[in-house]
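Spelled out from the first residue to the last, the chains are:
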Amino acid sequence: MKISHLTAAFLLNAIGPLFAEERKDADSSTPAVPPVAAIKQSERKSFLEWDYFTGDWGGLRTRVADKGLELGAEYYAEVWGNTTGGLKRGAVYTGLMLLEGHLDFNTLVGWQGASFYTRWLWLSGRDASEDLAGNFLTISYIAGFNTFRNLELWFQQNLFDDKVSIRVGQLAADSEFVISDYGSVFINAAFGWPAFIYLNIPNGGPGYPVGAPAVRLALNPTEDFTFLAAVFQGDVFAQNVNRHGFDWNLNASNGYFWMTEAQWRHDFWLPGQIKVGAWLHTADFPNADGSDSSYWGNYGIYFIVDQMVYREEHPAVSVLSKDGKSVAGKEVAASDNEAQGLGVFARLAFDPQDRNFIGFYAEGGFNYKGLIPTRDNDILGVGIGYAQLTNGAKDVLASEGSVNPDYEIVIEATYQAQITPWLILKPDLQYIIHPGGTRDYGNALILGGRVVVTF
C-alpha cells in the first residue's frame, strides 16, 4: 500500500534512533542488504522507473517503512467538459491531494496484530455534475466541498491469526463495504460509494468524502470468506458544515447507520467474488411523496458479482484482493502480479419505495487489463449505471414542474494508462441520460480525464 500522512511525522522522532540498526531477515540472524546498498541500487534506476515521483528520499522512505511506518501522497487532477445537453456547456477543473499514513505496531514494537491508519483529503476545484450536467450520478467521485478534511483515523486489532479484527475510530464505509473490485476503475461516483445509499440517507452517509465515528468487526474464518459488520454515526452533516471531518455527534436522535456484508471469493474456473450486503439506518425518514408522514428507519439490500471470464496466458494471481482498497475507495495502480484479461461485474440494490429517492439501482460492465501488447498494466473499462426513482420522488418532482421524472443512466468508458510507476493518465467519456432523473435537460456528453501522481 502506498501511504502517507503529514501528521505522522512525529512518529519519526520515536523510531528515529532505530534507523541506525541493521535490518535483519525475519527468519535469520544474518543482516539483510544494508540501507546504503539499497540506496545505491535505487539510484541506478532512472527517474521514470522510480516508484514515487519524489523517489526514496535518500533511503529515508525505505528505512521508515522497514520500521513499520508507511508514508506517501497522491495528487489527482481532472478536467471535465460538457459538449451538449445538461445545464450548460463549459469546462471545470477538479483536484484532490490525498495524504495517508499507516503504522504497523507489530513491526515497530512487537504488538502483534495492531495497526493505525489515517487518510486526509485536500479538495479543490469544481463539481462537473453540479456546474455542467445537473445529474445526481456524480461525474467524478473526488468532487466535494473545497476544504482540508480527515476521512479516516482508526486503530485496528487483529486476533486469532487474523481471523478476527476490530477497527475503531473515524471510518469511511466504502473502504471495505459495497464496492465492486472491477467497478472501482471508473471515475463516476455511482460505481463507488453508491447512489442507492448516498441519495437515501442524511447528507450522503459515511462514504467519501466524509467519514464518521464507527466500530467495525471483520471475521475471516477461511481465505475464501469474510464477514463484515459496522455501526456508524447516523448523520455525517453537510460537507460545508462538517468541514474538517470531526463534527462528531452520536446523539440517538440522529440515528445510527449499520452495515453488514458477506464476501465469498472463489477460483472454480477463473477468479471471482460474490458479495451480499444490507444496511439499516435508525433515524426517522419523511415519506418520499412529500407528505407530513414519516417512517422509523430505512434499509436496503445489495448484491455484487466480480468475475474474470478470460485470463491471458501469464503466470499470475487473482485480481480480486481480500481487503484491497484505494484512494477514496478506488484508484490503485495496477500491480505486476495481477492477472491480465477480461473481467465483468454487476451490482444490484433494492430500497423501500415509501421513504427513498432511489428505489432500484443496477450497474454492470467490464474491464480488460493488458489489452494492448506491451501495455500490461493498462486497463480499459466500460460500465453502465441505472438509478430508478421511487414513485414518491417522481410525484414530488412532477409537482415541482419537472418533465416525466423516471430514471437516470450513466454510461462511462475509461482507459487507465500506467505511464510510469508514479504516473497514471486516464482519459474518460461519460454519457448522462435524463440528468436529474427527468427530461428537463437534454442528455449530456461529458469528455474529460484524470492525471494521478504518486509522490
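Residues numbered from 1 in each chain as written. Predicted model: local features only at pLDDT ≥ 70, side-chain atom pairs only at ≥ 80, totals over all residues. Heavy atoms only, no water.

Visitor: Any chance you could explain the overall build of the protein chain here in plain terms?
Guide: Looking only at helices and strands, one finds 7 helices and 16 strands in the protein chain. Expressed as a percentage of the 455 residues in the protein chain, the buried residues total 53%. Taking contacts inside the protein chain between residues at least 6 apart in sequence as the whole, the part at least 24 apart equals 68%. (Helix = DSSP H or I, 4+ residues; strand = E, 2+ residues; numbered from the N terminus. Buried < 20%, exposed > 50% of the residue type's maximum accessible area, 1.4 Å probe, protein only. Contact = heavy atoms within 4.5 Å.)

Visitor: I keep staring at the packing of aromatic side chains and nothing clicks. Help me out?
Guide: For any pair of aromatic rings, the description rests on two quantities: the centre-to-centre distance and the angle between the ring planes. According to the stated counting rule, one finds 26 aromatic pairs in the structure shown. Between the aromatic rings of Tyr141 and Tyr208, the centroid separation amounts to 6.4 Å while the plane-to-plane angle is 85°, which identifies the pairing as edge-to-face. Linking Tyr141 in the loop between α5 (128-133) and β4 (148-159) with Tyr208 in the loop between α6 (195-198) and β6 (212-222), this pair joins segments that are 67 residues apart in sequence. Tyr141 gets classed as buried once you look at its relative accessible area, which sits at 6%. Looking at Tyr208, the relative accessible area reads 9%, which means it is buried. An aromatic cluster of at least three residues, connected via ring pairs, comprises Phe47, Trp50, Phe53, Trp422 and Phe455. Its guanidinium or amino end placed over the ring of Tyr52, Arg61 lies 3.6 Å from that ring's centre, counting from NZ or CZ. Here the guanidinium or amino end of Arg61 rests over the ring plane of Trp57, the centre of that ring lying 4.0 Å away. (Phe/Tyr/Trp six-rings, centres within 6.5 Å; stacked < 30°, edge-to-face > 60°. Lys NZ or Arg CZ within 6 Å of the ring centre and 35° of its normal.)

Visitor: Please clarify how the environment of Thr222 should be interpreted in this entry.
Guide: By the element assignment, Thr222 lies in strand β6. Overall, the relative accessible area of 41% leaves Thr222 in the partly exposed class. Sequence separation between Thr222 and Lys163 is 59 residues; the distance between their C-alpha atoms is 7.7 Å.

Visitor: How should I be thinking about the environment of Ala195 in this particular structure?
Guide: With respect to the helices and strands, the residue Ala195 is situated in helix α6. It is 7.9 Å that separates the C-alpha atoms of Ala195 and Phe136, two residues lying 59 residues apart in sequence. Discounting chain neighbours no more than four positions away, the residues touching Ala195 are Leu137, Asn200 and Ile358.

Visitor: Just to check I follow, could you spell out the nonpolar core for this structure?
Guide: Considering soluble globular proteins, one finds that nonpolar side chains tend to be buried as a cluster. With 53 residues, the main nonpolar core has Leu137, Val178, Ile197 and Met259 as its most contacted residues. At 4 residues, the largest contribution of residues to this core is made by α6. Those residues in contact with Met259 that lie beyond four places of it in its chain are Ala173, Phe177, Val178, Trp193, Ile197, Leu228, Ala229, Ala230, Phe232, Ala278, Trp279 and Tyr302. Tyr76, Leu123, Ile142 and Ala189 belong to the second-largest nonpolar core, a separate cluster that totals 13 residues. (Core = buried A, V, L, I, M, F, W, Y, C linked by side-chain atoms within 4.5 Å.)

Visitor: It is not clear to me how the pairing of strand β8 (residues 256-266) should be interpreted in this structure. Could you clarify?
Guide: Where strand β7 (residues 225-233) and β8 come together, 9 bridges link them in antiparallel fashion. Residue pairing across strands places Gln233 opposite Tyr256, the latter belonging to β8. Across 10 bridges, the pairing between β8 and strand β9 (residues 272-286) is antiparallel. Bridged to Trp258 within β9 is Leu280. (Pairing = 2+ DSSP bridges.)

Visitor: Hey, could you run me through the pairing of strand β14 (residues 407-420) in this one?
Guide: Two faces make up the sheet, and in a regular strand the side chains alternate between them. The buried count for β14 comes to 11 of 14 residues, which makes it a mostly enclosed element. Bridge count between strand β13 (residues 379-389) and β14: 10 bridges; the pairing is antiparallel. Within β14, the residue paired with Gly381 across the bridge is Thr414. Where β14 and strand β15 (residues 423-433) come together, 9 bridges link them in antiparallel fashion. Note that in β15 the partner of Ala413 across the bridge is Leu429. Hairpin geometry of β14 and β15 is characterised by an intervening segment of 2 residues between the two adjacent antiparallel strands.

Visitor: I tried to follow unusual backbone geometry on my own but got confused; where do I start?
Guide: Peptide bonds are trans in most cases, and residues, glycine excluded, mostly fall at negative phi. The step from Tyr208 to Pro209 runs through a cis peptide bond, and the omega angle for that step is 10°. Topologically, Pro209 is positioned in the loop between α6 and β6. Within the chain, Thr374 stands out as a residue other than glycine whose phi angle is a positive 75°. By the secondary structure assignment, Thr374 is in the loop between β12 (358-369) and β13. A positive phi angle, near 60°, is found at His434, a position not held by glycine. Among the structural elements, His434 can be located in the loop between β15 and β16 (444-454).

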